[in-house]
Amino acid sequence: MNNEQKLKAAFIEALGLNESTNVEALTYNSIPEWDSIAHMALVAQLDDQFDIMLDTDDIIDISSFEKAKEVLSKYEVEFV
Amino acid sequence: MFWQLQHGDTPALIELQSQRTLTYRELSAEVSAFANLLLSHSEQKRFGIIYMRNSISCMIAYLGALQKQDAVLLLDAGLSEPLKQQFVQHYKPDWIFDGEWLDMGQESQTPCHEQLAVLLSTSGSTGNPKLVQLSYQNIQSNASSIARYLNITAAERPITTLSPAYSYGLSVLNSHLLQGATILLTDESVISGAFWKAFKQYEATSFAGVPYMYQMLHRLRFASMELSSLRYFTQAGGRLSQSLTAYFSEFAKTHHIPFVVMYGQTEATARISYVPPDQLEAKQGSIGIAIPDGELAIDPATEELVYRGPNVMLGYAETRADLALGDQQHGMLKTGDLARQDEDGYFWILGRMKRFIKLYGLRMNLDDLERFLEQSLELSVACSGQDEQLLVAFEASHDDAILQTIRQQLKLRYGIHHTSLRIRFMDELPRLSSGKIDYIRLANEVK
């Protein structure tokens, strides 16, 4: 799995979504599945999957799939 | 009484979203206007429902109802529509406030008892219609006890983190209005940037949190945040894990601010006991000592924790007619928790007599959940679990489609996130010889 797929899988697992969901289009609070509780589950997934520890500001910043990629890049997770 | 609002030109409410500020004088005028609106429709005591948010308009409606002495049921505005309708149909309110005031048109069929002030749901998130009835004395005395042991002054600026329809959230509002403090009103969660921006901009001095919120704060690396205005913080709504208690008491110690761990129940308006902050380290895991004016004891026959105080509810309500009952408890509450008292007089919870767990600080009645799942899936089901984790066991073979449906239904209807959920399929649910579910064996078998 490349990092993009890993990130996608993390979203699907944390938010409890269908495999077929268009993850790229999601934004925080735009669907009932992505609430504050799911957001913390997502952060836990990202910390585990990419073996990092996200900072406070970055956790708050992850408001979409794209934004998550941007934040992860700061932790030397590369997306091609 | 805190709803008299006699604190002059001190700011009372600041609504963060609109940046609107109301002084106590201005708030008082708005509240009187709302009380007059209620009076103009009926001089009798009536019964209304308010869908609560942390907003100025909801606060005006709540305080206006108290001033006019209408009884009000406070429900969370975020409750799902079917659950709201269930309450409306069951209790037939004379009026509803949902951002706007709506007269339901009927003269009160059933009178409310004159002492009845506020009704709160015991397990509203599962749609159970059972309510706690609180008197004017209940809400006033609990606000006053809390203000005393937390040393709340007019200089405080708490920021809201809980629903005002939840007893803990409401108690923060009441106790600060009593002392003429300034309340920062927001529905933003602690994981939103807007929350922390406002926290700093308006120099919040305190916040309240349930265990789930402390888990989030921990993940947010709370200890590394710069919060120079913070004067103290409180925790209630279930037991905080040992590691989190240690983390947050360490933070409190290094910053020289109190961290106040508390225990309570909606049946006691909100607060029953607290741990004096200087004892937190020595008494980690204890629920502390009774609040001022309250008294705790253990029933020697059953080990049940019993509380006495002026904040003990009038009683429960299960039907509209019950609102006329008045005081059924006479200041005495059996908590349903088993406890012991140590040699210093501190109380420790040992277990629970009733069938509920706490998720995100909210009480979830396990029998309600069972009934709901049984009806919607037509399968035998048993619900169990511990705080922060619900266990659902089905008498069926594993089925991914059912699994997905359960996750969705529990999420949509009750807001239960699937990571707080364990679902098991079993050939046979463990039963007692009477045919009832054996919950002890169930808990052991899925460990």
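Reference entry: report on the structure contained in this document. This structure is a prediction, so every number in the text was calculated from the model and none was measured. (Residues numbered from 1 in each chain as written. Chains lettered and ligands numbered in written order. Predicted model: local features only at pLDDT ≥ 70, side-chain atom pairs only at ≥ 80, totals over all residues. Heavy atoms only, no water.)

**Focus: the overall build of chain B**
Phase 1: A tally of helices and strands in chain B yields 11 helices and 24 strands.
Phase 2: A compact globule built from 447 residues would reach a C-alpha radius of gyration of about 22 Å, and chain B, at 22 Å, matches this within 12%.
Phase 3: Dimensions of chain B, computed from C-alpha atoms along their principal axes, come out at roughly 65 × 60 × 45 Å.
Phase 4: Counting all 447 residues of chain B, 57% fall into the buried class.
Phase 5: Of all intrachain contacts in chain B linking residues separated by at least 6 positions in sequence, the fraction that spans at least 24 positions is 68%.
Phase 6: When the accessible surface of chain B is split by element, carbon and sulfur atoms take 48% of a total near 18,400 Å².
Phase 7: When the 39 basic and 49 acidic side-chain charges of chain B are each reduced to a single mean position, those positions are 3 Å apart. (Helix = DSSP H or I, 4+ residues; strand = E, 2+ residues; numbered from the N terminus. Rg over C-alpha atoms; globule rule 2.2 N^0.38 Å. Buried < 20%, exposed > 50% of the residue type's maximum accessible area, 1.4 Å probe, protein only. Contact = heavy atoms within 4.5 Å. Areas by Shrake-Rupley, 256 points an atom, 1.4 Å probe, with all protein chains shown as cover. Lys, Arg positive; Asp, Glu negative; His and termini not counted. Charge placed at Lys NZ, Arg CZ, Asp CG, Glu CD.)

**Some remarks on the layout of surface pockets**
Phase 1: Taken as a whole, the second largest pocket spans an internal volume of roughly 380 Å³.
Phase 2: Looking at the second largest pocket, it is lined by 17 residues, and the ones nearest its centre are M40 and A41 of chain A together with Y212, Q215 and R219 of chain B.
Phase 3: Among the elements of the structure, α2 (36-50) of chain A together with α7 (211-219) and α8 (242-255) of chain B are those that each provide at least two residues to the lining of the second largest pocket.
Phase 4: Both domains that meet at the lining of the second largest pocket, namely domain 1 (2-352) and domain 2 (356-445) of chain B, each give it at least three residues. (1 Å grid on protein atoms, 1.4 Å probe; cavity = no way out; pocket = protein on both sides within 12 Å on 5 of 7 lines; lining within 4 Å. Points joined across faces, edges and corners; volume = space filled by probe spheres on them. Domains from an automatic or database assignment.)

**Here's the deal with the pairing of strand β21 (residues 362-365) of chain B**
Residue and element names in this part refer to chain B.
Phase 1: As paired strands, strand β20 (residues 356-359) and β21 are joined by 4 bridges and run antiparallel to one another. Bridge pairing links K358 to R363 in β21.
Phase 2: Hairpin connection from β20 to β21: 2 residues lie between these consecutive antiparallel strands, with Y360 at a positive phi of about 55°. (Pairing = 2+ DSSP bridges.)

**Things to note about the packing of helix α1 (residues 3-15) of chain A against α2 of chain A**
Residues and elements named next belong to chain A.
Phase 1: Look at α1 against α2: their axes get within 8 Å of each other, and the N-to-C directions meet at 145°. α1 and α2 meet at a crossing whose hand is right-handed. Residues N3, K6, L7, A10, F11, E13, A14 and L15 of α1 pack against A38, A41, L42, Q45, L46, Q49 and F50 of α2. (Axes fitted to C-alpha atoms, helices over the stretch in contact; angles between N-to-C directions. Left-handed = near helix turned anticlockwise from the far one by under 90°.)

**Section: α7 of chain B**
Phase 1: Listed as buried for α7 of chain B are P211, Y212, M213, Y214, M216 and L217 of chain B.
Phase 2: The secondary structure elements touched by the buried residues of α7 of chain B are α2 of chain A together with α6 (193-201), β10 (206-209), β11 (232-235), α8 and β12 (259-264) of chain B.
Phase 3: Just beyond α7 of chain B, the residue with positive phi is R221 of chain B, at close to 55°.

**Section: the interface of chain B and chain A**
Phase 1: Across the boundary between the two partners, chain B contributes 20 residues, which contact 22 residues of chain A.
Phase 2: A buried area of about 1,800 Å², summed over both sides, lies between chain B and chain A, and 62% of it is on carbon and sulfur atoms.
Phase 3: Summed over the three residues of chain B that lose the most area to chain A, namely I191, R219 and R221 of chain B, the buried surface amounts to 35% of that side.
Phase 4: For the pair chain B and chain A, the number of links is 3 salt bridges.
Phase 5: Run the count over chain B and chain A and you get 10 residue pairs in polar contact (both at pLDDT 80 or more).
Phase 6: The set of elements that each furnish at least two residues to the side of chain B that touches chain A consists of α6, α7 and α10 (400-414) of chain B.
Phase 7: Classifying every residue of the side of chain B that touches chain A gives 8 nonpolar, 9 polar and 3 charged. (Buried area = accessible area lost by both parts, 1.4 Å probe. Salt bridge = Lys/Arg side-chain N within 4 Å of Asp/Glu carboxyl O. Polar contact = N/O pair within 3.5 Å; in protein donor to acceptor, adjacent residues only side chain to side chain. Nonpolar A, V, L, I, M, F, W, Y, C, P; charged D, E, K, R; others polar.)

**Considering the sheet that holds strand β3 (residues 47-52) of chain B**
Residues and elements named next belong to chain B.
Phase 1: Reading across from one edge, β6-β5-β3-β4-β7-β8-β17 is the order of the 7 strands in this open sheet, with mixed pairing throughout. Of all strands in the sheet, those bounded by a partner on one side alone are β6 (101-103) and β17 (315-317). Averaged over all neighbouring strand pairs, the angle between strand axes comes to 25°, with direction disregarded.

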